[in-house]
Amino acid sequence: MIGDGMPVPVALSLARQVADVLTVAHGAGIMHRDLKPENVMVVEGADGSAQAKVLDFGLARIFEDATGSTRLTRQGQLFGTPAYMSPEQCKSAMDVGPPADIYALGVSMFEMLMGRLPFDSPSVPELLIQHSTKTAPPVPATDGIPHSDSAKISRMLSKIPEERPTASDVAAVLVAVHEGRPAPPLSVLHERQKQSSGTSLETVVAVADEGDSPTTNPKPAILVALALSLVVGIAVVVALSDE
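The numbering scheme is per chain: residues are counted from 1 as the chain's sequence reads. The predicted nature of this model means local features are confined to residues of pLDDT at least 70 and side-chain atom pairs, given and counted, to a pLDDT of 80 or more, with totals for whole chains, interfaces and linings taken over all residues. Side-chain numbers come from the whole structure's heavy atoms, not from hydrogens or water.

**Section: the overall build of the protein**
Stage number 1. Across its full length, the protein holds eight helices and five strands.
Stage number 2. The order of helices and strands in the protein, counted from the N terminus, is α-β-β-β-β-α-α-α-α-α-α-β-α.
Stage number 3. In the protein, which comprises 243 residues, the proportion classed as buried is 47%.
Stage number 4. The criterion used for residue contact is that any of the two residues' heavy atoms lie within 4.5 Å. Contacts in the protein between residues at least 24 apart in sequence constitute 67% of all its contacts with a sequence separation of at least 6.
Stage number 5. Note on areas: Shrake-Rupley, 1.4 Å probe, and residue coverage restricted to the protein chains presented here. For the protein, the exposed surface amounts to about 11900 Å²; the carbon and sulfur share of it is 58%. A helix here means a DSSP run of H or I that spans at least four residues, while a strand means a run of E at least two residues long, and both kinds are numbered starting from the N terminus. Each residue is assigned to one of three classes by its accessible area relative to the maximum for its type, calculated with a 1.4 Å probe on protein chains only: buried under 20%, partly exposed between the two thresholds, exposed over 50%.

So, in structure tokens, the structure goes:
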């Protein structure tokens, strides 16, 4: 555990799963644009392990490579949550690509490991300025994160999009760091939540456990979120075809 964050194995496992989702999405030409802990639901897998589900692709955008012309955003528009927005996203959503999702994942990882955000301010303009100009604090090396891997993780917060690793690169690094360790059980998250005297885990990641209450079941929420994502995807395709 680092600071007031989650246990390192839990944070690495959840981040690796999110990176796997981004790898598939980016490979299909889709970026999330609003990745943050509140859009990640953690459920209990069949084996009792904590499994991450990425939700709310409501700001998702279909992108093309440098030779493409697909544009669903106009110059000067901003989309996302300020605390997790990349430097380029803080300026305009026009030319934001997959590296912006990697930056947001980097911020989320930092928060999970450290228990705080790399940049914070009650002023949104000041927060955007920090993301655009201030160097992010490094992710410290620990027994669970070797120095070489710590540096690779910190690259996710690079100000230059091209310097950030791809989603598949992030997943590969996290698999290597987590190699040999079993997937952490969901009970670890609940235990950490009980022990936390400050910010609850729910501000770091949304936790849903079917066993917490007989009247609570995360499956309908997940199905609704997926249905909304499908509707958004259809709308995007229709919009593109109209152009």
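What follows picks up the thread again.
**As for the pairing of strand E2 (residues 40–44)**
Stage number 1. The buried count for E2 comes to four of five residues, which makes it a mostly enclosed element.
Stage number 2. Pairs of strands are assigned from DSSP output, requiring at least two bridges between the strands. Relative to strand E3 (residues 50–54), E2 runs antiparallel, the two sharing five bridges. Of the residues in E3, the one forming a bridge with Met41 is Lys53.
Stage number 3. In sequence, E2 turns back onto E3 through a hairpin of five residues, with Gly48 there showing a positive phi of about 90°.

**Focus: empty space enclosed by the protein**
Stage number 1. Here a cavity is any set of points on a 1 Å grid over the protein atoms alone where a 1.4 Å probe fits but cannot get out, and a pocket is any open set with protein on both sides within 12 Å along at least 5 of 7 lines; a residue lines the site when it has an atom within 4 Å of a point. Grid points are joined across faces, edges and corners, and a volume is the space filled by probe spheres set on the points. Enumeration according to the criterion identifies two cavities of 30 Å³ or more in this entry.
Stage number 2. Volume-wise, the second largest cavity comes out at about 50 Å³.
Stage number 3. Lining the second largest cavity are Arg33, Asp34, Leu35, Gly80, Thr81, Tyr84, Met85, Gln89, Ala100, Asp101 and Ala104.
Stage number 4. A class-by-class count of the residues in the lining of the second largest cavity yields five nonpolar, three polar and three charged. Ten residues, namely Ala, Val, Leu, Ile, Met, Phe, Trp, Tyr, Cys and Pro, are considered nonpolar, four, namely Asp, Glu, Lys and Arg, are considered charged, and the remaining ones, Gly among them, are considered polar.

**Points about the pattern of salt bridges**
Stage number 1. Here, a salt bridge means any Lys or Arg side-chain nitrogen found within 4 Å of an Asp or Glu carboxyl oxygen. The final tally for this structure, using the stated rule, is three salt bridges.
Stage number 2. The partner of Lys36 in a salt bridge is Asp34, with the nearest N and O atoms 3.7 Å apart.
Stage number 3. Relative accessible area serves as the criterion here: at 11%, Asp34 is assigned to the buried category.

**A word on the confidence of the model for the protein**
Stage number 1. What pLDDT expresses is the predictor's confidence in each residue, scored from 0 to 100. Taken over all residues, the pLDDT of the protein has a mean of 73, while the share at 70 or more is 61%.
Stage number 2. Considering each helix and strand of the protein separately, the mean pLDDT is smallest for strand E5 (residues 206–207), with a value of 39, and largest for helix H4 (residues 124–133), with 94.
Stage number 3. Scored below 50 in pLDDT, residues 196–228 makes 45 contacts in the model with residues more than four places away or belonging to other chains.

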